[in-house]
Amino acid sequence: MRTGGSSLSLRLRLRLLRDHVLVGLCVVALACAIVPLVWVLWEVVAVGAAHISWEFLTSLPNPPTVGGGGWANAIVGSGVVVGIALAIGIPVGVGTGIFMSEYGNNPLGRATRFLCEVMAGLPSIVAGIVAYGLIVITMGHFSALSGGIALSALFVPIVAITTQEALQMVPRHQREASLALGVAEAPTTLRVVLPAAMGNVLTGMMIATARVAGETAPLLFTAFGSRYWMEGIDQPTATIPVNIYTYAISPFEHWHTQAWVGALVLLSIVLFLNVAARTLWARRARFMAGA
Amino acid sequence: MDGIRRRWFRYLTGTMAVVVLAAAALILYELWAGSLPTWREWGLSFIWRTEWDPVRGEFGALPFIVGTMLTSGMALLIALPVSLGIAILLTEYAPRVLRDPLIFIVELLAAVPSVVFGLWGIFVLAPVVQQHVMPFVAGSPLGLLPIFGEPGPGYTLFTASLILAIMIIPIIASLSREVLMTVPREQKEGALALGATRWEAMRHVVLSYAKPGLFSAAVLGLGRALGETMATTMTIGNRLGLTFDYFESGNSMTAIIANELREAASEIHVSSLMAIGLVLFLLSFVLNTLGRLIVMRVHTGAA
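Okay, so let's go over this structure. As the structure is a prediction and not an experimental result, all values here were calculated from the model. (Residues numbered from 1 in each chain as written. Chains lettered and ligands numbered in written order. Predicted model: local features only at pLDDT ≥ 70, side-chain atom pairs only at ≥ 80, totals over all residues. Heavy atoms only, no water.)

Considerations on the overall build of chain B
Applied cut-off: Secondary structure is summarised from DSSP: a helix means a run of H or I of at least four residues, a strand means a run of E of at least two, and numbering begins at the N terminus for each. Each residue's exposure class comes from its accessible area (1.4 Å probe, protein chains only) as a fraction of the maximum for that residue type: buried when under 20%, exposed when over 50%, partly exposed otherwise. By definition in these notes, contact holds between two residues if any of their heavy atoms fall within 4.5 Å. Here the accessible surface of atoms and residues is derived via Shrake-Rupley with a 1.4 Å probe, and residues count as covered only by protein chains that are part of the display. Charge counting treats Lys and Arg as positive and Asp and Glu as negative, with His and both chain ends excluded. In this description, the location of a charge corresponds to atom NZ of lysine, CZ of arginine, CG of aspartate or CD of glutamate.
Per the secondary structure count, chain B includes 10 helices and two strands. Ordering the α and β elements of chain B from the N terminus gives α-β-β-α-α-α-α-α-α-α-α-α. If one aligns the C-alpha atoms of chain B with their principal axes, the spans along those axes are about 80 × 70 × 30 Å. Among the 303 residues that make up chain B, the fraction classed as buried is 54%. Considering only contacts in chain B between residues 6 or more positions apart, those separated by 24 or more positions represent 73%. Just so you have it, chain B exposes about 13300 Å², and 65% of that area is on carbon and sulfur atoms. Considering chain B, the positive charge centre built from 20 side chains and the negative charge centre built from 20 side chains are found 13 Å apart.

Quick notes on the overall build of chain A
Stated precisely, the cut-off is as follows: Atoms counted for the radius of gyration: C-alpha only. Globule rule: 2.2 Å times the number of residues to the power 0.38.
Secondary structure summary: chain A contains 10 helices and zero strands in total. Taken over C-alpha atoms, the radius of gyration comes to 25 Å for chain A, far larger than the 19 Å a tight globule of 291 residues would show. Taking the principal axes of its C-alpha atoms as reference, chain A extends roughly 85 × 65 × 35 Å. Evaluated residue by residue, chain A yields a buried proportion of 51% over its 291 residues. Counting only contacts in chain A whose residues sit at least 6 apart along the sequence, the fraction spanning at least 24 positions is 75%. Averaging the coordinates of the 16 positive side-chain charges in chain A and doing the same for the 12 negative ones gives two points 19 Å apart.

A word on a nonpolar patch on the surface
In plain terms, the rule: Residues form patches when they are more than 30% accessible in relative terms and have no salt bridge. Like charges link within 9 Å. Nonpolar side chains (Val, Leu, Ile, Met, Phe, Trp, Tyr) link within 5 Å. The working definition used for a salt bridge is a side-chain nitrogen of Lys or Arg within 4 Å of a carboxyl oxygen of Asp or Glu.
A cluster of nonpolar side chains, Leu10, Leu14, Leu17, Val21, Leu25 and Val28 of chain A, forms an exposed patch at the surface whose accessible area comes to about 570 Å². Checked against the element boundaries, Val28 of chain A lands in helix α1 (residues 5-51).

Some details on the interface of chain B and chain A
Cut-off, in case you're wondering: Buried area, as used here, totals the accessible surface that two parts lose on assembly, with accessibility defined by a 1.4 Å probe and the loss added over both. In protein, a polar contact requires one atom able to donate a hydrogen and another able to accept it; more generally it is a pair of N or O atoms within 3.5 Å, and residues adjacent in sequence count only if both atoms are side-chain atoms. Amino acids are sorted into nonpolar (Ala, Val, Leu, Ile, Met, Phe, Trp, Tyr, Cys and Pro), charged (Asp, Glu, Lys and Arg) and polar (every other residue, Gly among them).
Chain B puts 75 residues into the contact, and the matching count from chain A is 77 residues. Overall, the association of chain B and chain A removes approximately 7000 Å² of surface from exposure, summing both partners, and the carbon and sulfur fraction of that is 80%. Where chain B packs against chain A, one counts five salt bridges. One salt bridge in this structure joins Arg10 of chain B and Glu185 of chain A, with 2.6 Å as the shortest N-O distance. In this assembly, chain B and chain A are joined by eight residue pairs in polar contact (both at pLDDT 80 or more). Broken down by element, the residue count for the side of chain B that touches chain A peaks at 18 residues, all from helix α1 (residues 2-42) of chain B. By residue class, the composition of the side of chain B that touches chain A is 51 nonpolar, 14 polar and 10 charged.

What to know about the packing of helix α7 (residues 172-180) of chain A against helix α8 (residues 185-213) of chain A
All names here are of chain A. Under the convention used in this document: As a rule, the C-alpha atoms of each element are fitted with a line to give its axis, helices using only the stretch in contact, and angles between N-to-C directions run from 0 to 180 degrees. Each angle is binned into one of four classes, with values under 35 degrees roughly parallel, values over 145 roughly antiparallel, values of 65 to 115 roughly perpendicular, and all other values oblique. Helix crossings are classified by the rotation of the near helix relative to the far one: an anticlockwise turn of less than a right angle makes the crossing left-handed, while a clockwise turn makes it right-handed.
Two elements in contact, α7 and α8, have axes separated by 10 Å at closest approach and are oriented at 155°. In terms of orientation, α7 lies roughly antiparallel with respect to α8. The chirality of how α7 crosses α8 is right-handed. On α8, the residues touching Gln174, Arg175, Ser178 and Leu179 of α7 are Thr188, Val192, Val193 and Ala196. Taken together, the residues that form the contact of α7 with α8 break down as four nonpolar, three polar and one charged.

Here's the deal with the packing of helix α3 (residues 72-102) of chain A against helix α6 (residues 144-168) of chain A
Residues and elements named next belong to chain A. It is at 6 Å that the axes of α3 and α6 come closest, and there the two elements cross at 30°. Relative to α6, α3 is oriented roughly parallel. Remark: the crossing between α3 and α6 carries right-handed chirality. Tallied by class, residues from the contact of α3 with α6 come to 21 nonpolar, 11 polar and one charged.

Brief notes about the pattern of salt bridges
Enumeration over the complete set of coordinates arrives at 15 salt bridges over all chains. For the salt bridge of Glu58 of chain B with Arg49 of chain B, the shortest nitrogen-to-oxygen distance reads 2.5 Å. Classification of Glu58 of chain B as partly exposed rests on a relative accessible area of 22%. What emerges from the salt-bridge pattern is a single network uniting Arg113, Glu117 and Glu165 of chain A together with Arg292 of chain B.

Regarding the environment of Ser83 of chain B
All names here are of chain B. With respect to the secondary-structure elements, Ser83 resides in helix α2 (residues 62-93). For the pair Ser83 and Ala218, spaced 135 residues apart in sequence, the C-alpha separation works out to 9.6 Å. When residues no more than four places from it in sequence are discounted, the contact partners of Ser83 are Ile169, Ile172 and Ala173.

Some details on the nonpolar core
Rules: Buried Ala, Val, Leu, Ile, Met, Phe, Trp, Tyr and Cys residues form a nonpolar core when they are joined through side-chain atoms within 4.5 Å.
Of all hydrophobic cores here, the largest spans 175 residues; its most connected members are Ile86 and Phe117 of chain B. Top contributing element to this core by residue count: helix α5 (residues 157-181) of chain B, with 17 residues. For Phe117 of chain B, the residues in contact, after removing those within four places along its chain, are Val40 of chain A together with Leu109, Val112, Ile163, Ile166, Met167 and Ala231 of chain B. If you look at the next biggest cluster of nonpolar residues, it comprises eight residues, including Val92, Met100 and Ile161 of chain A together with Val20 of chain B.

Concerning unusual backbone geometry
Unlike most non-glycine residues, Phe224 of chain A shows phi in positive territory, near 65°. Relative to the helices and strands, Phe224 of chain A resides in the loop between α8 and α9 (240-248). Backbone geometry at Asn238 of chain B places phi at a positive 50°, although glycine is not the residue there. Tracing the sequence through the fold places Asn238 of chain B in the loop between α8 (230-235) and α9 (253-260).

Brief notes about the packing of aromatic side chains
Selection rule: Only rings of Phe, Tyr and Trp enter the pairing, Trp through its six-membered ring, and a pair is recorded when the two centres are within 6.5 Å. The plane angle decides the type: under 30 degrees is stacked, over 60 is edge-to-face, the rest tilted.
A complete count under the given rule lists 21 aromatic pairs over all chains for this structure. Seen from their ring centres, Trp39 of chain A and Trp120 of chain B are 5.2 Å apart, and the 80° between their planes marks the pair as edge-to-face. Separated into two different chains, Trp39 of chain A in helix α1 and Trp120 of chain B in helix α4 (residues 114-139) make up a pair that spans both. Judged by its relative accessible area of 29%, Trp39 of chain A is partly exposed.

Comments concerning the environment of Met206 of chain A
Residue and element names in this part refer to chain A. If you trace the backbone, Met206 turns up in helix α8. Sequence separation between Met206 and Val159 is 47 residues; the distance between their C-alpha atoms is 9.1 Å. In contact with Met206, not counting residues within four places along its chain, are Leu273, Ala276, Ala277 and Leu280.

Below you can see the structure in the form of structure tokens.
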């Protein structure tokens, strides 16, 4: 049954060749993800860094025909809107995560977990529509508050899920040891389990913050926009992401440049939060693996 | 009484969970209540009506639903093989030292805000697509397909699809990678021991084992593309009217809401935009639920 060894090896060679071609295709696939990323980052940094100035960070916008001016009100506005989202989202998100992890072995816990996962994939514009219908129409005007509430709806599911997963990583016997010593439920969770998981809980919060800080769609018809300093959280305010959008679709060359500078500021914040979160997480993972 | 004192923390956090459930219900209720005038006026026919004229008070969702389906579908078609390739590379072939940095880079792509992609789309990608990509596709055999007409402006369904594809690659790739990692080593090693090349082991053993999980990754990616707003709005062209031509400016469910809700004056206009929001919500809810259910079944099946 010896068919010619050469024909057999030819077939084998073809199979191996196909193996190599397909690895090559996988590398091309990876390039399809890396090239756009580098391209976007490059454009933002190249145009943004060339035009960023102290004035951009510290002064109010000028009319488009004048030139100069800055986005200081939008930078403050973004801070306020994201701050409102965190003020609502951290207690609700962490509380929900604690419940799902520690007391969630029941229909309520499972339903919440499922809903959080579904809501984490929800179109962000839907949060804006609902905040518009419930708050903006009721109050009669746009406001920073409605924007913050819309963002909190996107923040909570992410934080709840990451908090639950962080708490689940804390070994069971730590809880049992604490309970066995007669420590009650609340201090066990707050002083034993939560501190042990704190690094990962914070990581989740930072990633969720980065996500909502870059959100534009929910703010279009809630925080809206403004050319002036915000006059209160019940008033409309400029934000960095919405400014990028309105400046980019405007007909003014000068505003297009400012949109790129704004994108540089936004991207720096978002990427800083992401990188910081990952390095924090990586360090803890290594620490736990070493321990 | 004593029970409450000892268990207050459980009740407090439980209240937070109830708040989350209530918020989800409130979202659904508000979308329904806000869109009621539209459903009263046209009933379900709102979904397949094609007119959209705020001045005459005529509204119909079909052009936007079609635009969303076309762009998300094309985005998935492009992103799926790319993401799968990335996932295979990262689980099977990438050297250990490169693996974590590469995973990190792909995840960074997911961190770039949608509006930054939109900005890049307007000023960088759209001109490139108009001058190079669309003429190339039109000149290739693909150009014979009826979905590609004459290459038009830079802001088209095609440009929006490309941006969406880039944006959903990270999520599909990372979900696929998780799925591929659940494939038992023994199965793969068995195939390799029988003389299969790595690719053959991948195709016949790993991929067939992972098929349901990969399907759910695709479904979740599609759900993400469906709801993506800023990058789509900034590159799709925002032209009213039904079109099936990828090389034509179009519109999507998210784009019409982003463009018109802030300036909508009449009640029926606002309510029609909310009705589109409700349809979008339900579509994405169904896709997300489907995706999650498959993931859960895969996990319990494997355990």
